[in-house]
Every structure is written in structure tokens, then in C-alpha cells.
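# Coordinates in review
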Amino acid sequence: GASQGPLGEGFLLSGMLAGRRGRRAVAALLLLLVCALLPCAEGNTWNIFDTRVTNSGGAGSFAGTIVRGAGGGFELTIEGLFTQCPAGHDPCFACNFVDAAGNLGAPTMGRLVVTAGAGASYSQFKCNTTDWGSTRAATEVELSVTKLDAAGAAVLVPESTGRARKLFLEEDMFRLSDVTLNAFGQDVTVHGSGFSTTPGAYSCFVFEGAFPWLAASPTGYAGLHPAAEFAFEAYNSTTGRCVIKSAAAAKATKLTLVRQASPAFDSLRTINQGAAQPLIARVDSSDAAGTLVPSINFRALDVVFYESWTTMSILSGLDTGGDALTLVGAGFRSDLTYTCTFTEITSGVGGCADAAPLTTSSTRFTAAATVLSPAELRCVTPAWTLGGALASSLFTVASSALSAPAAVFRNSPVPLRFDFLRRPAWVTAPAERSVFVEGAHCGGLDIALRASGGLAPLRLMVEYTPLRPRARESFVQWDGVAPTADEVLRRTDELPAQLFLDEVALDTHGADLFCLGNSSFDIRLPKSALAMTTSREGAAIGLQSNALQPSSLLWTSSTSRTTSDITGLLRFNFSLGWEGYAYKICVSARQAPVRYDVTSADFFNKRCFFVVVPKCRVCFGPTDSLFGIAALYNGAWLDLWAVNRALVNTTRADAATDEVFNSPADQAYPLVQLGASVRLGVAYRIGGEDTLLSVGRRFGMRLVDLMKLNPDVVGEQQNAAFDGKLVCVLPTAAMYSQCEKIVEQPNPVMFEAKYQNRPYHDFNDRGEPVKTYNPRYPLPPREIYTP
């Protein structure tokens, strides 16, 4: 119990104890007797307040502690012996509050309580707690009482026991910025008093079901179990926000602030040390057989959560229906029924930049939804039975919470469109697994494309896969029938495929929005400079790598916005370095609303064909000459002319204006028709003991020139077993007339030759070149393959 003072006990909480009223009455009679014998002047110690500071409306006390909201205005009843106020100074008694740091709250003036038969003395006066929390955080304060004397000076009224009187000014909640809350999440401003701005000091608790902890309870808050807990951020001592992320269900409930465990301030630390503590509205007590039992009432505010949704798993499905569609939201209730609705869109796309708003018809399809969890709702799409070129619908969700179905709120202002789709069909395209044979620099291979019938705008994707011939296989000088697709695949190994999504990237695929980009598309591949190939030893060959992009591909298309038609063109023109390979080209007409990573064949139509580019052949272009072509491989134009039986037309040169290729005696050169197919050499079949180096020496070629003529043997295949493989060689007989063998070193050395004016041909009597056999040709080949 509290220590005894001269007139009573220590401070107690919440009212007067009935069993002790007689003791106070005796003290009052003693004071009146003293005043009858001695002068009782203002300011003397007979103005005294004793052991009781109580909470109005309660009875008894709790652990010597008074808990009230820091916002002020709570009435306190102070017991003692008090005299009348001096003339001109009524009221004269005031309550004063100060914390451990010396911070003072505004004093609150009290009023004396008239007691019948007390005469000039009073046993009680009442005052309100100060508005502490509007500028400071909740804390423990000391209470003192002062009285104004006749001169208006405040005189401290002593406490009968001589002890400081403690009060806890607790945080308080007054109101919320919104009491109708989105279950998916929203920020709610909390107005109150005494908030600490220390991060993490509080949490917002949301409760469901019964709230036994809200009522008076002798056990405190041991059963505090929230349905959800959210962060609270205090801006200052009077304002903060609850950051609500997701509530369990859409229903009426209560919200309170809970102070996290803190040894610095816990108004109930005497019974719940270190536990998270909800805000307290008041702490009272009852007096049962003289025992003080706590009765705690907590602060909570009423709120109502409503369900909402944000996104769904798919934005399109098949027109036959049956696709599972999952909505992501919050607050869905298993005791309610929900319905998914698809309303026909007649015009507009909605939500996209510079797009017309949606207009809908009265035609709609519905599907019942199943509650998977408070955060998920699922429905199965119905079949789309309407005609028309496009099949788009406005998607909404309704709930049976009211007598009539009500729309479930969506957390976005953008209307959500659902597209019903059908697999597009090719109208114009190469037959599946077609094989085209194309020479390097030969004009262009044009592939016309057109697809339709998908019930949505279409886009094209192109997939490029180089097919490198295996070690003993070759694609050389296809003069006859092209190989079949099975032959191409049997004779090659696939290199990594490259998928070009440039056209698909024009569109916007958001979590809840699809927007069609530009209708027209035009791009030329390669998009950047390609890497240069090297030999396995790292020697530069002078050819670009064909592994990543086509050498020259013009890709154009046009997408209709009002129908599901798309037209396109692929124009190939293969460059040097792409010879000797086959290429698998796959073009996909796919639904524009479907993301490119959706692999279901229901949403796209893929057509693949093959292009074989034989080596040892080039098309004669408008800027070409035999001299320039031969120079690429360190050869002579006459060697190139010698291996092309079709190049028989010659003309006499004018030395004054035309190029002289060898000596002044050579006054003739061949005429080559634009676009003619020019052979770059002859095909040599490698024997068992041959290597690329020995083949090059046999025909007077450098290894790098031999590899340049045969891109399919570059790199890792360079030292593979090539027994039986056909390689393209350009014999350089015109450049050599006398060969001197050099003594071989450990590393083989190429033959050196001295240039002689006499080329590898004779002239007839008209001065025209005539092809003849040169017996001085070094190391004649064992086999020459010339189809």
C-alpha cells in the first residue's frame, strides 16, 4: 500500500474508496478546529491535497497509476483540503504537468467542488489533463497543484505524503481520414495525439470476429491476435499513416495502433513487460473486498473493408472458351458469389496513347467465379459466338453482396480488355519445308507473306538458324535439282537459333493493358556490324560471321487495325561468308495481344523453309569485275576466267582507255553479263591424307584464301577429318610459270613463284585468248570435280 502522510495515503486511481471516507471527514474537522484557534491565512500549509488523485467516472485505483490520453481534456478529481479563492482570483487552483526532461505542459485551471456542511473549506477540486500530445510524444509526467494568492502569484500546494504524483499521458487516436478502406491496400491518415516519430514504434492492427480485448478485462491484452498487421509511419505527434497492404476479407472490423515492445515507455509494464501494447482509452479499477483489480479499455476505431482486384492472369484466350482466368486482388469472401462478365467492344481500344475510348454493345457473356482465397478469384472463359473480324470484350467482375449484383472495384482507371482469339491461317507463304537455292550477291530472294483469320491484329516473328555442313558434307555449285529438306537436315548441324522480335516489340504488353504499336514495320538486318571470322589459330580471314544475323535481310510488314490481316515481305541477299551453309528460316504469324513468350501453338502459325547458299559461286554485280573478284582470293582474273566455261565472249581492249591486266601484249579481256553466275574455282574432293594446308599448296593457294573460299571449314572444323569433303579451290596457274621448291622446315612453307609475263593461255591469230593446257602447272590435282 501507499505510505501514510499526515492526513492520508498515497495517490490512488479512479475515485474515492468508500471505506476511507470517515478518515477524510476526521481530517476535515481537525483542520476546522485548527483554523478556529489560529489565523488561517492564504498561502499557508492548510491548503493541502492529500493522497487521492482520481479519474472521474471510475472507482478505486490501479497500481498507483493514472493513464489518460495525451490529447488532454480528461477530468481528474483531486482530493484534499482546500480553502476559498482570494477575491478576484477565482478559479485559483491549477494542475501542472512536467516530464523527466523538464518539459512543461500548459497548466489547466480547476474548480472547487462544493461539499455540503464544509463551510469555508473544500475536500475536492477538479481539473482536466493538459493537451500534451499536440506537440510532444506520449510519456510519464509528474502532477503538481498550485493556488493563486491574493497578489495573483502561484503558490505550490504541498502533497500530503511529500511524494511526486505520476501520470501516464498515453497516445490517442481520434479519427481516420477514411473509414471505408480498400482491402487490396491504401494509405490511411490517422489523427491523434502523442505519437512518437521513432521509426517502427507502432503497428496498425486490423481485427476480425469478436473483440473481447476491447471490453473491460482483468487480464489485460494477452489475447491480442490481429487478422492483419501493417506498418505505421508518424509524421509528427498528431498525424501519421497506416500503410495498408492487404486485408483478409471485405467486412466491418476495427483498427487500432499497437506500440511495439519498448522498455522506454510501457504504461502496462507492471503486468505485461515487453509485450506489444495497444493504445489505451482508459485504465480504471474496482474495489472488491478492498483489492484493487485493473479494468482496461482499449482504443479502436471502426472501419469497413471492401473487396477489389487489380490484374488477371491472362488478357486473351481462345474463342472456344475454357481458359482458366485468375484475378489477383484482396478481400474476396467465400460466403459471396462473384460473376465474370465479358461485354462486346464495338470500337476503340481504351487506355492507349492517342486512342479512342471504348464503346460497347449490350451483348455480353458471363461466367461464374470461384473464390480460391481472399486474394484470388478464378473463372473459366465462355465461348465467343459472335461474328466479326475482331473479338474484343470489356472485362468486369460483380459481387452478390447487395440485393442486386454490384461491380467489384478495380484498382486502376484503365478499362481492362479481354481478347478472344483464333489460330491465324497463312494465305500466302512458302510451303512448309520448302528449299530455295540462292547464290551470293544474286539479286534478292523474295518471300511474300500474308496471314489472316485470328480475330485480333497480327504480328510477324522471324527465327534465323544457320545450318553448318558436317565434316564430310558440302553444298557446292548446285546446278541441278535442289536437295530436299530431309537431305539438308541430314547433312548439317544446327547452330544456335536467333529470334528477332523487333516487330512484336512495337506493341505494349502490360500487366493489365495491351496497346498495338505502329501498323507499318520496316527493318534491315543485320542491325549492326558483325564480328569478323578468324581461323582456329586466330588469323584474320576477312569474312563476317554468319552465326548471329543474316547478311542482308529486308523485312517489311503491314498490320491491319480493323481486321486480323497482315502482309509482309522477306528479301534475302546473301553476302560472301555465308556460302557453303544452309539456313532455316521460320516466320510466325502470331496474335498481337499475346506476349511473345507464350508458346501455345493456338496463338500463332509457324512456317519454316530452308535456303541453301552453295559455295564456289558468286553473282556478277554492276560493280564487279573478274579482276576484283579474283583479287579477293589472291588470284588472277585469267584463273577465274579459265574455270568458267561459259565465259567465252571476249573483246579487244583499248590501251588508252581500258585496263591492261598483265602486259601490253595482252590486249583482250572477257565480257561478263550482269547477273551471271560466276564460279570462284573448281571443287576438289579431299583424300584421306590431305589437309587444308596440303590442298592449298597443291593449288598454289594461301591457307587463308582457301578458307575464304570455304567458310564452312572455318574455325573449329578447320582440323576436322575432311575425307570425302568437297572444297572450292582457285588454281593460280596464271600467276606462276616457274616454281622453286624451298627446303622444307618443320613448319611447311608455301611455294614461291616468280611472275612471268606469259599468262596461262595462248592467243589466236586475231589476238583473242585461247584456253590451253599448261604443262608447267605445279603439282596437278588428283581429282577435279566440275559438274
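Quantities reported herein were computed from a predicted structural model and do not represent experimental measurements. Residue indices begin from 1 for each chain and proceed along its sequence in written order. Note on the predicted model: pLDDT of at least 70 is required for a residue's local features to be given, and 80 or more for side-chain atom pairs to be given and counted; whole-chain, interface and lining totals, by contrast, use all residues. To obtain the side-chain values, all non-hydrogen atoms of the structure were used and water was disregarded.

A few words on the overall build of the protein chain. Strands here mean DSSP runs of E at least two residues long; helices mean DSSP runs of H or I at least four residues long; both are numbered from the N terminus. Scanning the protein chain from terminus to terminus reveals 6 helices and 56 strands. The 787 residues of the protein chain split such that 47% are buried. Counting contacts in the protein chain only where the partners sit at least 6 residues apart, residues at least 24 apart contribute 72% of the total. Taken as a whole, the protein chain presents about 35,000 Å² of accessible surface, with 54% of it coming from carbon and sulfur. Categorising residues by exposure relies on relative accessible area from a 1.4 Å probe, with only protein chains included: less than 20% of the type maximum marks a residue as buried, more than 50% marks it as exposed, and the intermediate range marks it as partly exposed. Whether two residues are in contact is decided by their heavy atoms: any pair within 4.5 Å suffices. Working definition of accessibility: Shrake-Rupley area with a 1.4 Å probe, residue cover restricted to the visible protein chains.

This brings us to the nonpolar core. Core analysis: the largest hydrophobic core is formed by 33 residues, its most contacted members being Leu626, Leu640, Leu680, Val695 and Val729. Among the elements of the structure, α3 (626–631), α4 (637–642), β51 (682–685), α5 (692–698), α6 (703–709) and β52 (726–729) are those that each provide at least two residues to this core. Take the buried Ala, Val, Leu, Ile, Met, Phe, Trp, Tyr and Cys residues and link them wherever side-chain atoms come within 4.5 Å; each set so joined is a nonpolar core.

Moving on, we come to the state of the cysteines. To count as a disulfide, a pair of cysteine sulfur atoms needs to be within 2.5 Å. Applying the stated criterion to the full structure yields 6 disulfides. What pairs with Cys85 in a disulfide is Cys92, and their sulfur atoms sit 2.1 Å apart. Judged by the sign of its S-S torsion, about -75°, the cystine formed by Cys85 and Cys92 is left-handed. With a sulfur-sulfur separation of 2.0 Å, Cys586 is cross-linked through a disulfide to Cys608. Between Cys586 and Cys608 the disulfide shows an S-S torsion of about 110°. By sign, it is right-handed. Of this pair, Cys586 sits in strand β45 (residues 581–591) while Cys608 sits in strand β46 (residues 604–613), and the two are 22 residues apart along the sequence. Residue classification places Cys586 among the buried residues on the basis of a relative accessible area of 3%.

Summary of the metric used: pLDDT quantifies the predictor's per-residue confidence within the range 0 to 100. With 70% of its residues at a pLDDT of at least 70, the protein chain reaches an overall mean of 76. Every residue in residues 49–64 is under pLDDT 50, and counting partners more than four places away or in other chains gives 98 contacts. A low-confidence stretch, residues 773–787 stays under pLDDT 50, and its non-local contacts, those more than four residues away or across chains, total 36 contacts.

Following DSSP output, two strands are said to pair if at least two bridges run between them. Read from one edge of the open sheet, 5 strands run β32-β34-β44-β43-β40, paired in antiparallel fashion. The open sheet terminates on both sides in strands that have one partner only, identified here as β32 (425–428) and β40 (520–525). Between one strand axis and the next, the sheet turns through 20° on average, direction left out of account. Sheet topology note: the strand β43 (residues 553–559)/strand β44 (residues 566–572) ladder contains 7 bridges and is antiparallel. Residue pairing for β44: Leu553 is matched across the bridge by Phe572. Here an angle of 0 to 180 degrees is reported between the N-to-C directions of two axes, which are lines fitted to C-alpha atoms, with helices fitted over the stretch in contact.

Time to look at the pairing of strand β27 (residues 376–380). Alternating residues of β27 divide into Leu377 and Cys379, all buried, and Glu376, Arg378 and Val380, none buried. Relative to β27, strand β24 (residues 324–330) runs antiparallel, the two being bridged by 5 bridges. When the bridges of β27 are listed, Thr326 appears paired with Arg378. Hairpin connection of strand β26 (residues 359–373) to β27: 2 residues between the antiparallel strands.

For the rest of this paragraph, the subject is the pattern of salt bridges. The salt bridge criterion pairs a side-chain nitrogen of Lys or Arg with a carboxyl oxygen of Asp or Glu, the two atoms within 4 Å. Enumeration over the complete set of coordinates arrives at 21 salt bridges. Note that Asp512 and Arg410 form a salt bridge whose closest N and O atoms lie 2.7 Å from each other. Taken as a pair, Asp512 in the loop between β38 (508–509) and β39 (514–515) and Arg410 in strand β30 (residues 409–410) lie far apart in primary sequence, 102 residues in all. If you follow the salt bridges from partner to partner, you end up with Asp187, Glu233 and Arg241 in one network.

Our next topic: the packing of aromatic side chains. Aromatic rings from Phe, Tyr and Trp, taking only the six-membered ring of Trp, are treated as a pair when their centres fall within 6.5 Å; an angle between ring planes under 30 degrees marks them as stacked, one over 60 as edge-to-face, and anything in between as tilted. Under the definition given, this model contains 22 aromatic pairs. Aromatic side chains Phe195 and Phe232 sit 5.5 Å apart centroid to centroid with 70° between the ring planes, which places their arrangement in the edge-to-face category. Linking Phe195 in the loop between β13 (186–193) and β14 (202–207) with Phe232 in strand β15 (residues 228–234), this pair joins segments that are 37 residues apart in sequence. Neither residue differs from the other here; Phe195 and Phe232 are each classed as buried. Here the aromatic rings of Phe436 and Phe609 are separated by 5.8 Å at their centres, their planes lie at 85°, and the arrangement is edge-to-face. Taken together, the residues span a long stretch of sequence, with Phe436 in strand β33 (residues 434–437) and Phe609 in strand β46 at a distance of 173 residues. Under the relative-accessibility criterion, Phe436 is labelled partly exposed at 25%. Classification of Phe609 as buried rests on a relative accessible area of 1%. One aromatic cluster is present, built from ring pairs that chain together Trp309, Phe342, Phe365, Trp384, Phe395, Phe418 and Phe420.

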